[in-house]
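# Report on the structure
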Amino acid sequence: MNPATIERFFATLKAANPQPETELEFTNVFELLAAVLLSAQATDVSVNKASRALFAATPTPAKMLALGVEGVEPYIKTIGLYRTKARHLIETCRILVEQHGGKVPPDREALEALPGVGRKTANVVLNVAFGEPTMAVDTHIFRVSNRTGLAPGKNPLAVEQALLKRVPEAYRVDAHHWLILHGRYVCQARLPRCGACQVRAYCEFEPKTAAV
């Protein structure tokens, strides 16, 4: 996909959804971090169902830490890998309280030092909470970037680096939201809904489907 086409691609996505947002529910930066940590290998819908009661009871790292692993587990038992995630959450809360004054650090290195927080999670927090133009490459973004010809890459890091080079600066802050939503609802894995795709004219995927 050439630069002029990329510009039209994102201009079209922006026109359809001027202010894209994550579908995870949260009321503060800590809840965002916890929600993204819980979302690994789980849907946003399942995380939201479990996290509403958890966040109502523990809206801060200190309160969640006081609950402990055994206290967190019942809230999130409907989410895959919930025991591991409960341990990661509590250890993350301990580090936030002991090393960061109970605040989520706006720093990639510090975020990635938290248990259960990898590059993708750090990118989401940096983007959504702190407005950094990062690309949190999940399965949806990886698929869309490769399938459309937008930013091909053999692994998530390669796609992330390609996107940061190829996405026009004006679209970078919101780009990963547009791409996730596009992959989740339109450019789906098994049968892309090309008939309903607003950016099909700019996509290099062939043969396009008639699915709507």
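About the criteria used
- Residues numbered from 1 in each chain as written.
- Predicted model: local features only at pLDDT ≥ 70, side-chain atom pairs only at ≥ 80, totals over all residues.
- Heavy atoms only, no water.
- Helix = DSSP H or I, 4+ residues; strand = E, 2+ residues; numbered from the N terminus.
- Buried < 20%, exposed > 50% of the residue type's maximum accessible area, 1.4 Å probe, protein only.
- Contact = heavy atoms within 4.5 Å.
- Salt bridge = Lys/Arg side-chain N within 4 Å of Asp/Glu carboxyl O.
- Core = buried A, V, L, I, M, F, W, Y, C linked by side-chain atoms within 4.5 Å.
- Axes fitted to C-alpha atoms, helices over the stretch in contact; angles between N-to-C directions.
- Parallel < 35°, antiparallel > 145°, perpendicular 65-115°, else oblique.
- Nonpolar A, V, L, I, M, F, W, Y, C, P; charged D, E, K, R; others polar.
- Phe/Tyr/Trp six-rings, centres within 6.5 Å; stacked < 30°, edge-to-face > 60°.
- Lys NZ or Arg CZ within 6 Å of the ring centre and 35° of its normal.

## Digging into unusual backbone geometry
Following Glu206, the chain continues to Pro207 via a peptide bond in cis, the omega torsion being -5°. Mapping Pro207 onto the fold places it in the segment after α10 (172–185). Positive phi, close to 55°, is recorded for Gln41, a residue that is not glycine. Checked against the element boundaries, Gln41 lands in the loop between α2 (29–38) and α3 (44–57). Judged by its relative accessible area of 74%, Gln41 falls in the exposed class. The backbone of Leu81 sits at a positive phi, close to 60°, despite the residue not being glycine. If you trace the backbone, Leu81 turns up in the loop between α4 (61–76) and α5 (82–99).

## Observations regarding the environment of Ala35
Among the structural elements, Ala35 can be located in helix α2. Overall, the relative accessible area of 0% leaves Ala35 in the buried class. Sequence separation of Ala35 and Thr121 is 86 residues, and the distance between their C-alpha atoms is 9.7 Å. What Ala35 contacts, discounting residues up to four positions off in sequence, is Leu24, Glu25, Val47 and Phe55.

## Observations concerning the pattern of salt bridges
Tallying each qualifying case throughout the model produces seven salt bridges. A salt bridge links Glu91 to Arg94; its shortest N-O distance comes to 3.5 Å. A residue pair is termed a helical-turn pair when its members lie 3 or 4 positions apart in one helix, as Glu91 and Arg94 do in helix α5 at three residues. A relative accessible area of 31% means that Arg94 is categorised as partly exposed. Where Glu112 meets Arg108, a salt bridge forms, and the shortest distance between an N and an O atom there is 3.4 Å.

## As for the nonpolar core
If you look at the biggest cluster of nonpolar residues, it comprises 33 residues, and the most contacted ones within it are Met64, Val72, Ile76 and Leu111. Looking at this core, the elements that each hand over two or more residues are α2, α3, α4, α5 and α7 (119–128). Ile76 has contacts with Leu38, Ala50, Leu54, Tyr82, Lys85 and Ala86, leaving out every residue within four places of it along the chain. Counting 24 residues, the second largest nonpolar core, distinct from the first, contains Ile6, Ile141, Val159 and Cys197.

## A closer look at the packing of helix α1 (residues 3–16) against α10
Relative to each other, α1 and α10 sit at 80°, their axes nearing to 11 Å. By the angle between their directions, the pair α1 and α10 is classed as roughly perpendicular. Here Phe9, Phe10, Leu13 and Lys14 of α1 come into contact with α10, specifically with Ala175, Trp178, Leu179 and His182. Looking at side-chain class alone, the contact of α1 with α10 contains six nonpolar, one polar and one charged residues.

## A look at the environment of Val125
Position of Val125 among the secondary structure elements: in helix α7. Of the residues examined, Val125 reaches a relative accessible area of 0% and is grouped as buried. Along the chain, Val125 and Pro106 lie 19 residues apart, while their C-alpha atoms are 8.2 Å from each other.

## Considerations on the packing of aromatic side chains
Counting across every chain of the model gives four aromatic pairs. Consider the rings of Phe9 and Phe10, whose centres lie 5.2 Å apart with planes at 75°: the pair is edge-to-face. With a centroid separation of 6.2 Å and 65° between ring planes, the pair formed by Tyr171 and Trp178 is classed as edge-to-face. For the pair Tyr171 and Trp178, one class covers both residues: buried. Chaining the aromatic ring pairs together yields one cluster made of Phe9, Phe10, Tyr171 and Trp178. Against the face of Phe205 rests Arg147, its NZ or CZ located 5.2 Å from the ring centre.

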